[in-house]
Amino acid sequence: MRWTRSLIPTLKEDPAEAEAVSHRLMVRAGLVRQLAAGIYVYLPLGQRVLDKVNAVIREEMNRIGGQEITMPVLHPAELWQQTGRWSAIGDEMFRLKDRGKREMCLGMTHEEVIGWLAAREVRSYRDLPQTWYQIQVKLRDEARPKSGVLRTREFLMKDSYTLDRDEAGLEKSYQLHKEAYCRIFERCGLAFHVVESDPGIMGGAGAHEFMAPSEAGEDEVALCDRCDYSANVELASSRPRPPEFPDWNLEEIPTPNAGTIEQVCALLRIDPALTIKSLLLVTKEGPLLALVRGDQQLHEKKLAMLVGEVRPAHRDEILMHLGAEAGSIGPVGTTLPTIADESLRTGRYVVGANKDGFHVRGVVPGTHFQPRWADIHHARSGDGCPRCDADLRIERVIEVGNIFKLGTKYSVSLKAMYLNEAGEERPIVMGSYGIGPARIAAAAIEQHHDQQGIIWPEAIAPYQLHLLPVNMRDEKMMELAEALYAQLQAERVEVLYDDRAERPGVKFKDADLLGLPLRVTIGSHALKEGVVELKVRRTGEEFRVPPSEVVSKAKSLLSNLLK
RNA sequence: CGGGGCGUAGCGCAGCCUGGUAGCGCACUUGCUUCGGGAGCAAGGGGUCGUUGGUUCAAAUCCAAUCGCCCCGACCA
């Protein structure tokens, strides 16, 4: 492609609204433009990147027997009412009415449509298994779109669905997807972790997420370097390291004006790990006392999984139930239901005395009060791995893919049944699997860039080769450039030909910014000596070859880069 | 939805406090020079100052409302 005939609006300066590296570079390199919050136009270069990513996805999906289909963006409400999600999902679903006042919504995912289709077209165990996928726009009215293309309200998603006869079949389909996903992310040049994840309201028996490490990510994962434990911190368990416990006797001690763990520890000159943080929460059932170690954070989601929705108690509620201000409450002597974190099973601690200005020292959980035990703390870096006890590491990541075992939740409600060998009607066992192509592109940029710009992984670069004649007014140089451009195209090398009459500096800066894997520079000095320069963007390696060898050298360099 | 910030030319910004009818850099157009890492000189084009209402002789500037965008948090099927 000739630059002069392309829309490649590069920017010299960072756009004011862009924070994340990938966002800045995608705008500066002319890949995308923002139309509204969380709504983007993909310009030609951005589109080519998506096309490349999607091509990889299609190959790997087809390889595991996936069949591509396309489902509607616009859905009738009835379908979502049947599965209960019409009411279960709140503001995140775009809803509208058609001219006949019929309620509709814009698809945020496609389990309902798949179930509808399966209910009509699958009848016998002989029809199973099936794998159907699409690469389609999804719409979600995100509360807070952010980080450029990483969290948007309209986005492309490859979603696939497997239909099986039973759990064993689902397990097989699930594993195939897991392997296909690994190949896809590897081919796209991403570093990633496969982690256990929270199945959430998708329901079902198991889920994994594919996480690409990046500062721009919104999730965190806990990883063990010794064994293979890896999980989203949403559900990661860990073994906090126990402190040295002093040989305290049980006694009440005055702690005037010390209402926070920090103040109490400063006053008593002790490690926060020797205290218990007591939090009064309110559930639908009533008040609940939650206990974690003083240096730990309560993981509200873990707690919510045990007792349902919780909210912090108001000040007057704390006074009413425990007779003291928040800073002095504790589990001893209360009749409130109490949940204590597992890490409190051993040791002696300082806890609030339920008396303003006093704490109790030497409290032994399980002896001086009887809680229900559960894992309700937030895993931290340095905590022990729940499997092997080596140190856990917490890493910030971008979720680029997820896989869920759905089971029969949707097939039952949508009556997607089949007849087994015995002639009995059975619900189809489903799985659901997503990948965000734009997130792959953004994660690739987050992971592969430098001060100058993007460094595209070869498989998803918008073009393979950047042909850069230094001076378009030099006729000989231009002739050579045109000839090389023609040759490269004839050899099917994807080449972006910078035929602009710009000064060399401008062209070089843009070439670095766009980050195509290989740059071929035709300059006057090199021309005099009869050599053209090839430069690998990633390594900075340079090669000088006569014009006649450019094409073959370029092809061999590119094929090496692809490995 | 809570907290914070910002809306002035295509992009990045100043001007606002202390009202007097809009400016800088880049980009763009034309000419000359220059040509291996974001050129120089000269001459140009381009803005209802987010919107609406109010105060005032006079509003980018003060007041009110409203819309939009970004960041932190909550949410995320």
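Residues numbered from 1 in each chain as written. Chains lettered and ligands numbered in written order. Predicted model: local features only at pLDDT ≥ 70, side-chain atom pairs only at ≥ 80, totals over all residues. Heavy atoms only, no water.

Looking at this structure, how should I read the layout of surface pockets?
Think of a ball as big as a water molecule: rolled over the atoms, this probe shows where empty space is left. Considering only enclosed or pocket space, the second largest pocket measures out at about 230 Å³ in volume. Thr10, Leu11, Lys12, Arg28, Gln451, Gln452, Val506, Lys509, Asp510 and Leu513 are the residues that line the second largest pocket. With 4 residues, the top contributor of residues to the lining of the second largest pocket is helix α13 (residues 504–514). By residue class, the composition of the lining of the second largest pocket is 3 nonpolar, 3 polar and 4 charged. Counting the residues that make up the lining of the second largest pocket, at least three belong to each of domain 1 (3–236 + 394–445) and domain 3 (463–562). (1 Å grid on protein atoms, 1.4 Å probe; cavity = no way out; pocket = protein on both sides within 12 Å on 5 of 7 lines; lining within 4 Å. Points joined across faces, edges and corners; volume = space filled by probe spheres on them. Helix = DSSP H or I, 4+ residues; strand = E, 2+ residues; numbered from the N terminus. Nonpolar A, V, L, I, M, F, W, Y, C, P; charged D, E, K, R; others polar. Domains from an automatic or database assignment.)

Which parts of the structure should I look at to understand the domain arrangement of chain A?
Frequently, the measure chosen for interface size is the accessible area removed from exposure when the parts meet. The domains assigned to chain A are domain 1 (3–236 + 394–445), domain 2 (251–374) and domain 3 (463–562). Here the C-alpha centre of domain 2 lies 41 Å away from the C-alpha centre of domain 1. Contact with domain 2 buries surface across domain 1, with Asp198, Glu234 and Ala236 losing the most and accounting together for 80% of the total. On inspection of domain 1 and its partner domain 2, the count reaches 1 salt bridge. With its nearest N and O atoms 3.3 Å apart, the salt bridge here joins Glu234 to Lys301. Here domain 1 and domain 2 share 4 residue pairs in polar contact (both at pLDDT 80 or more) between them. (Buried area = accessible area lost by both parts, 1.4 Å probe. Salt bridge = Lys/Arg side-chain N within 4 Å of Asp/Glu carboxyl O. Polar contact = N/O pair within 3.5 Å; in protein donor to acceptor, adjacent residues only side chain to side chain.)

I keep staring at unusual backbone geometry and nothing clicks. Help me out?
Glycine aside, residues mostly have negative phi angles, and peptide bonds mostly take the trans form. Note the cis peptide between Leu128 and Pro129, where omega equals 0°. Mapped onto the fold, Pro129 is located in the loop between α5 (111–121) and β7 (130–139). In this model, Lys101 sits at a positive phi of 65°, which is unusual for a non-glycine residue. Its place among the elements puts Lys101 in the loop between β5 (95–97) and β6 (103–106). Phi angles above zero are rare outside glycine, and Arg492 is one such case at about 65°. Locating Arg492 in the fold gives a position in the loop between α12 (475–490) and β28 (495–497). By relative accessible area, which is 76% here, Arg492 ends up exposed. (Buried < 20%, exposed > 50% of the residue type's maximum accessible area, 1.4 Å probe, protein only.)

Sorry, what's going on with the sheet that holds strand β18 (residues 349–352) here?
Neighbouring strands of a sheet are bound in pairs by backbone hydrogen bonds; such pairs are parallel or else antiparallel. Spatial strand order, β13-β19-β18: 3 strands in an open sheet with antiparallel pairing. A single partner strand is all that each edge strand has here, and the edge strands are β13 (251–254) and β18. Mean inter-strand twist for the sheet, computed between neighbouring axes without regard to direction, equals 35°. As defined by bridge partners, β18 adjoins strand β19 (residues 358–363) across 4 bridges and the pair is classed as antiparallel. Each residue of the ladder has a partner; that of Val351, found in β19, is Val360. (Pairing = 2+ DSSP bridges. Axes fitted to C-alpha atoms, helices over the stretch in contact; angles between N-to-C directions.)

What am I meant to see in the sheet that holds strand β17 (residues 338–341) here?
Strand order across the open sheet formed by 5 strands is β16-β14-β15-β17-β20, with mixed pairing between neighbours. Each edge of the sheet is formed by a strand with only one pairing partner; in this case those strands are β16 (311–312) and β20 (372–374). Two elements, strand β14 (residues 276–283) and strand β15 (residues 286–293), share 8 bridges in a ladder whose sense is antiparallel. Residue pairing for β15: Leu280 is matched across the bridge by Leu289.

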